[in-house]
Amino acid sequence: MKRTLLVLLGFSLLVVPGTTFGQAPSDLLSELTKSHNYVLKRISSYDRTGGNDDYRPLAAGETLTLLDEAGPGEISHVWITIASDERFHLKKMVLRIYWDGESSPSVEAPVGDFFGLGLGQYFLYQSVPLAVGGDKALNCFFPMPFQKHARITLTNEGQKRAEAVYWNIDLRAYKAALPADTLYFHAQYRQAAPNKAFPENKINLDGKENYVWMEATGRGHFAGVTMSVIENQDGWWGEGDDMFFVDGEKLPSINGTGSEDYFLGAWDFGGKPFAYGLFGAPIVGAELQGGRWSVYRFHLDSPITFTKSLRATIEHGHANDRGDNFYSVAYWYQTEPHEEFPPLPGVEMRVPRVFPVSSLQK
């Protein structure tokens, strides 16, 4: 039990103590020689009659419960695929996760954004905690421990019925309670469509007008972010610095040097897409109005810790001088209860579109 609890308490994602993420594949193999004290359960959409209709339809306005299980346990993997003719259904279906009977979800995001598809369209990429396989296979490997209960729902806020939703969720069921200080997984969607531009600004020290990825109160650590961008004007969108305000700081104790630098690329990403385990830019567009970009960064090597609160932000342009569209999901672990999330933007507001700067300035 001790080894398993260390995996849950630290953000080590199936990596045993004393190892690094660069060694993760061999660590997974080495774990096969050790005994484990959980029972693996599979919660899925399989056909209970023994037939081959291993899916559920999801009508407009309805909600599917994908998982409803008592604890203690840990969700180790979530796989979902959706058959829908509705454009931008990835933006119109909302994934929510609730821990231990809470009324306010700890995870709330359009299903595509949660898996890093923030432009409302499918594309393939691979990272350590999230991956999209051919052709529309949505995968999440973030460990999600819980003490008493877990519930996962998917709501169709679109106009058309989804003909089929398939899911497979792997759950480790434990007999003994998890340690009292076990941290819970959280994920929050935010957007600015568009960001408000402040072209007159020359400096930005306090991050007052920054785009906010997340705000949390409690104790925990920030695990990463996925973000998509639609340019509303020509030029380079990525001169914004990341700024993290820990435990009520007025000035950020963590301050970066530019958007592509935070996402561990360089020089406008070199005009080429890439996707690695902890960082990537799987969609790299043109530096023109209408340009589309998707990026991600995971702090699995050194999560950003907080004991009271965290405000994670990034500038939109240098000193917030650009008005592009940002769509993001932040991922973190913390104690419960959590601060209630801001209201989710309405479904039509979530649909990606260009807001020409000329129209914004009228």
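Relevant structure appears above.
These figures come from a predicted structure and were not determined experimentally. (Residues numbered from 1 in each chain as written. Predicted model: local features only at pLDDT ≥ 70, side-chain atom pairs only at ≥ 80, totals over all residues. Heavy atoms only, no water.)

A. Main features of the pairing of strand E19 (residues 279-283). Two strands pair when backbone bridges link them, and strand E18 (residues 274-275) and E19 are joined in this way by two bridges, in the antiparallel orientation. Looking at the pairing, alanine 275 lines up with glycine 280 of E19. Count of turn residues in the E18/E19 antiparallel hairpin: three residues. Here E19 runs beside strand E20 (residues 292-298); their pairing, made up of three bridges, is antiparallel. Paired with isoleucine 283 across the two strands is serine 294, which belongs to E20. (Pairing = 2+ DSSP bridges. Helix = DSSP H or I, 4+ residues; strand = E, 2+ residues; numbered from the N terminus.)

B. The sheet that holds strand E17 (residues 254-255), seen in detail. The strand order across the open sheet formed by four strands is E14-E22-E16-E17, and the pairing between neighbours is antiparallel. Looking along the sheet, the strands with just one partner apiece sit at the ends: strand E14 (211-217) and E17. In this structure, E14 lies alongside strand E22 (residues 309-314), joined through six bridges in antiparallel fashion. Across the sheet, the residue bridging to valine 212 is threonine 313, located in E22.

C. Examining the pairing of strand E15 (residues 220-230) more closely. Counting buried positions over the eleven residues of E15 gives eleven, a clear majority of the element. In this sheet, strand E21 (residues 304-306) lies alongside E15 in antiparallel orientation, the contact comprising three bridges. Note on E21: the bridge partner recorded for glycine 220 is phenylalanine 306. Here E15 runs beside strand E23 (residues 325-334); their pairing, made up of ten bridges, is antiparallel. Bridge pairing in E23 links valine 225 to alanine 330. Summarising the sheet, E15 and E20 pair through seven bridges and their orientation is antiparallel. Residue pairing across strands places threonine 226 opposite tyrosine 296, the latter belonging to E20. (Buried < 20%, exposed > 50% of the residue type's maximum accessible area, 1.4 Å probe, protein only.)

D. Just the pattern of salt bridges, in detail. The final tally for this structure, using the stated rule, is 13 salt bridges. Across the pair lysine 92 and glutamate 86 runs a salt bridge, and its minimum N-O distance is 3.1 Å. Exposure class is identical for lysine 92 and glutamate 86. Each is buried. (Salt bridge = Lys/Arg side-chain N within 4 Å of Asp/Glu carboxyl O.)

E. Fine view of the packing of aromatic side chains. Considering all chains together, one arrives at 33 aromatic pairs under this definition. Measuring from ring centre to ring centre gives 5.3 Å for tryptophan 236 and tryptophan 237, while their planes differ by 50°; the resulting arrangement is tilted. Exposure class is identical for tryptophan 236 and tryptophan 237. Each is buried. Put simply, the rings of Phe114, Phe115, Phe123, Tyr125, Phe142, Phe185, Tyr296, Phe298, Tyr331 and Tyr333 pair up and form one aromatic cluster. Seen from the ring of phenylalanine 245, arginine 311 lies directly overhead, with NZ or CZ sitting 5.5 Å from the centre. (Phe/Tyr/Trp six-rings, centres within 6.5 Å; stacked < 30°, edge-to-face > 60°. Lys NZ or Arg CZ within 6 Å of the ring centre and 35° of its normal.)

F. Structural view of unusual backbone geometry. With omega at 5°, the peptide bond leading from glycine 71 into proline 72 counts as cis. As for its placement among the helices and strands, proline 72 is situated in the loop between strand E3 (63-70) and strand E4 (73-83). Positive phi, close to 60°, is recorded for aspartate 268, a residue that is not glycine. Checked against the element boundaries, aspartate 268 lands in the loop between helix H5 (259-262) and E18. In this model, asparagine 320 sits at a positive phi of 65°, which is unusual for a non-glycine residue. By relative accessible area, asparagine 320 is classed as buried at 1%.

G. The side chain of serine 127, seen in detail. Within the secondary structure layout, serine 127 lies in the loop between strand E7 (125-126) and strand E8 (130-133). A polar side-chain atom of serine 127 sits 2.5 Å from the main-chain carbonyl oxygen of leucine 130. Setting aside anything within four residues of it in sequence, one finds serine 127 in contact with Tyr276, Gly277, Tyr296 and Phe298. (Polar contact = N/O pair within 3.5 Å; in protein donor to acceptor, adjacent residues only side chain to side chain. Contact = heavy atoms within 4.5 Å.)

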